[in-house]
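Residue-level structure breakdown
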Amino acid sequence: MPFTQPEPRFAGGNDDLARSTVSMNNDQPVLSRKAVQRLRERVIETALFLAALSSVLTTFAIAGVLIYESIPFFQHVSLKEFLTDTQWTPLFDNAHYGIMPLVAGTLVTTGVALLVAIPLGTIIAVYLSEFAPHKVREMVKPFLELLGAVPTVVFGYFALIFVTPLLQKILPNLPGFNMLSAGVVMGVMIVPYVSSVSEDAMHAVPMFIREGSYAMGATRFQTSVRVVVPSAFSGIAAAYILGISRAVGETMVVAIAAGMQPNFTLNPLEPAATITSYIVQVSLGDLPHGSVGYQTIFAAGLTLMLITLGFNIGGYILKKRVREVY
Amino acid sequence: MADRQVEQIRDLISRHKRWDSIFAVIGLLSMLVGILTLLALFIQLFIDGMPRFHADFFTSFPSRRAEHAGILSAWVGTVLVMLVTAFAAVPLGVASAVYLEEYARKNWLTAIIEINVTNLAGVPSIVYGLLALGLFVYTFRLGQSILSAGLTLALLILPVVIVATREAIRAVPGSIREAAYALGATKWQTVRDHVLPYSTGGILTGVIIGLSRAIGETAPIITIGALTFIAFLPHSPFTPEFPFVSFQWLLDPFTVMPIQMFNWTSRPEEAFQHNAAAAGVILLLMTLAMNGIAIYLRSRIRSRLKW
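Residues numbered from 1 in each chain as written. Chains lettered and ligands numbered in written order. Predicted model: local features only at pLDDT ≥ 70, side-chain atom pairs only at ≥ 80, totals over all residues.

Moving on, we get to the overall build of chain B. A tally of regular secondary structure across chain B gives 11 helices and 0 strands. Reading chain B from its N end, one meets helices and strands in the order α-α-α-α-α-α-α-α-α-α-α. Rg of the C-alpha trace for chain B: 26 Å, well past the compact-globule value of 19 Å for 307 residues, more than 25% over. C-alpha atoms of chain B, sized along the principal axes, occupy 95 × 65 × 35 Å. Counting over 307 residues, chain B shows a buried share of 45%. Put simply, 77% of the contacts in chain B that link residues at least 6 apart link residues at least 24 apart. (Helix = DSSP H or I, 4+ residues; strand = E, 2+ residues; numbered from the N terminus. Rg over C-alpha atoms; globule rule 2.2 N^0.38 Å. Buried ≥ 20, exposed ≤ 12 C-beta atoms within 10 Å, placed from the backbone. Contact = placed C-beta atoms within 7 Å.)

In this section: the overall build of chain A. Secondary structure assignment for chain A yields 13 helices and 0 strands. Element order for chain A, N to C, with α for helix and β for strand: α-α-α-α-α-α-α-α-α-α-α-α-α. For chain A, with 326 residues in total, the buried portion stands at 46%. Nonlocal contacts in chain A, meaning residues at least 24 apart in sequence, comprise 72% of its contacts between residues at least 6 apart.

Taken residue by residue, the interface counts 76 residues in chain A and 76 residues in chain B. For the side of chain A that touches chain B, the leading source of residues is helix α2 (residues 28-76) of chain A, giving 19 residues. Looking at the side of chain A that touches chain B, its residues break down into 51 nonpolar, 19 polar and 6 charged. (Nonpolar A, V, L, I, M, F, W, Y, C, P; charged D, E, K, R; others polar.)

Residue and element names in this part refer to chain A. Where helix α4 (residues 100-131) meets helix α10 (residues 233-249), the axes come as close as 9 Å, and the angle between the chain directions of the two elements is 145°. Both α4 and α10 take part in a crossing whose hand is right-handed. In contact with T106, T110, A113, L114, A117, I118 and G121 of α4, α10 contributes Y240, G243, I244, A247 and V248. (Axes fitted to C-alpha atoms, helices over the stretch in contact; angles between N-to-C directions. Left-handed = near helix turned anticlockwise from the far one by under 90°.)

What follows is about unusual backbone geometry. Of note in this structure, R141 of chain B is not a glycine but carries a positive phi near 55°. Relative to the helices and strands, R141 of chain B resides in the loop between α5 (125-139) and α6 (146-170).

With respect to the secondary-structure elements, T37 of chain B resides in helix α1 (residues 2-49). Separated by 62 residues in the primary sequence, T37 of chain B and Y99 of chain B place their C-alpha atoms 41 Å from one another.

All names here are of chain A. Entries for chain A in the domain assignment read domain 1 (11-76) and domain 2 (100-322). Between domain 1 and domain 2, the residue contacts involve 6 residues of the former and 7 residues of the latter. Its residues assigned to classes, the side of domain 1 that touches domain 2 comprises 4 nonpolar, 1 polar and 1 charged. (Domains from an automatic or database assignment.)

All names here are of chain B. On domain assignment, one finds that chain B holds domain 1 (2-51) and domain 2 (54-304). Relative to domain 2, the C-alpha centre of domain 1 lies at a distance of 38 Å. Class assignment of the residues belonging to the side of domain 1 that touches domain 2 gives a composition of 4 nonpolar, 1 polar and 1 charged.

This part is about the environment of H96 of chain A. All names here are of chain A. Relative to the elements of secondary structure, H96 occurs in the loop between α3 (79-84) and α4. Sequence separation between H96 and A238 is 142 residues, and the spatial gap between their C-alpha atoms is 37 Å. Excluding anything up to four places from it in sequence, H96 contacts D85, Q87, W88 and T89.

Residue and element names in this part refer to chain A. Predicted confidence across chain A gives a mean pLDDT of 85, with 89% of residues reaching 70 or more. The weakest mean pLDDT in chain A belongs to helix α1 (residues 15-24) at 47; the strongest belongs to α4 at 93. In the model, residues 1-25 has pLDDT below 50 throughout and makes 26 contacts with residues more than four positions away in sequence or in other chains. (pLDDT = per-residue confidence, 0-100.)

Confidence in the prediction of chain B, expressed as mean pLDDT, is 86, and 94% of residues score 70 or more. Across the whole predicted complex the pTM is 0.86, and at the interface the ipTM reaches 0.88.

Right, let's talk about the packing of α5 of chain B against α6 of chain B for a bit. Residue and element names in this part refer to chain B. Look at α5 against α6: their axes get within 10 Å of each other, and the N-to-C directions meet at 135°. In this view, α5 runs oblique relative to α6, as classed from their interaxial angle. Handedness of the α5/α6 crossing: right-handed. Contacts between α5 and α6 involve S125, Y128, G129, A132, F136 and V137 from the former and S148, L151, T152, L155 and L156 from the latter. In the contact of α5 with α6, the residues fall into 7 nonpolar, 4 polar and no charged. (Parallel < 35°, antiparallel > 145°, perpendicular 65-115°, else oblique.)

Along helix α10 (residues 257-265) of chain B, 9 of the 9 residues are buried, which leaves the element largely enclosed by surrounding structure. Where α10 of chain B is concerned, the buried positions are M257, P258, I259, Q260, M261, F262, N263, W264 and T265 of chain B.

Let us look at the environment of R226 of chain A. Here R226 of chain A lies in helix α9 (residues 220-231). The spatial distance from the C-alpha of R226 of chain A to the C-alpha of S213 of chain A is 9.2 Å, given a sequence separation of 13 residues.

In structure tokens form, the structure reads like this:
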């Protein structure tokens, strides 16, 4: 089956044309055909290279846009106020520009999500990699994948309509919007990411290491917990970092289920805005280019990006430090 | 004496072995949590959405009265945005992957590109929305249009397409390439006539997974400023006069399924929750169908291909 060509073919490189010239005239066209072909190969290679470079350009564009659009904001608000003020009310008359309430909301929802996702994800990964019969594995993995594929807005609806009322039966004072239910749902949502990456890591642990442990008389559980998990630690850490990045950047679940009021609290039972849900809230309104609202979402986005970057660098260092080489 | 020691050791072993079975049960329960959540989510959405499942729901515009509100503009918008996304992401993603797998030399530039693709996959989706707001909407002046949205989602799924394509290309054995070179094929001829055809299935799987992610993305599209209440359709891509196709729709305002659902979810009136649930069911079915196709394709490729 012919594949759609990603780049337009170089006009001079038509095979049929080149071939017919060769058959007609034998001395010169051979050379020109070669030259044309070489040129065509070069053009194609350059085009493919430019395509590959586009991903690097995207990164630069992200950094560039976030920084460039935040500059007017930071000319107006000092970094000290941004980091130490405990109120975030940029669109009010009495404007305060402290990012901390949004950061707190992000950290609380992320924390709740991780409390759900890390134990569940790790247990599932150990079970699937070390305990489950092949058939169970093959059956369960697609289901977990589907869980990871459900649109986040649907999870948001589920958190608001199903999980919050459920939690209210246990905690009667829980408000309709709260970070707990958003965090729990987010946690279940990122379980597949955590479990599949850590399972891959455990799968990569060579068999002889397990065999050594079994030969010493260890049980399956002992081998899993004391040998396989530590050996796969760098991969498992990568899975956790992925989970954290997902949770920090998750938007719709918190925007729907956690309320969108900035609230400087670490109590998951309260409603609060996160960095991401603030961006959504502002974007839903009228947002003229260059307005204060417009500037604040880029400053918020920059903060979000730096937090994600921080976790990723932390994960990278952790991974380097404990990397096992077989 | 010896008997007692044997007894003790047996005891110890069975005690340790008990942990094995306890953990197996915990493992099964953990998986059950995930699967039950999926089930509860589906059932809840289905029950809530039930009253809205009739043909009118698909052919009506959003309305202030919940019973009459439908998803016409939303699903049309979703289809058009996905078209733009696929047209932008597939050529770009496949070309990048071909370069990285077949052409790239091992040097620092290649290393940067590779690390970069991995990192892009971890960038929160809403950040892509901010990028698009600053770049597509205001710098390139594309406005809050279908084109802006499609390009944004294309950037978002680019890493998925690149990674899947690279895996597919890597699975093509070297002997195929060597055979082509032996017959005098150039590099590009080898790639075009042998490597890409053999990896089409894998690429397709990656593209479907990527699009299924794009179809449910809400945050970046809200960020570029998509409207939530659209009671008209974009211009038709087909015109009665010559040249019969029009690209006017690319610059039209639009809404998509997840935004419509979000809009209904955030309304205080309870009647709109039924609309939200019904839209959610449709969205979920679309995503699950796409993922199902991808999982099926992948397993078929795996079982069929034996080099």
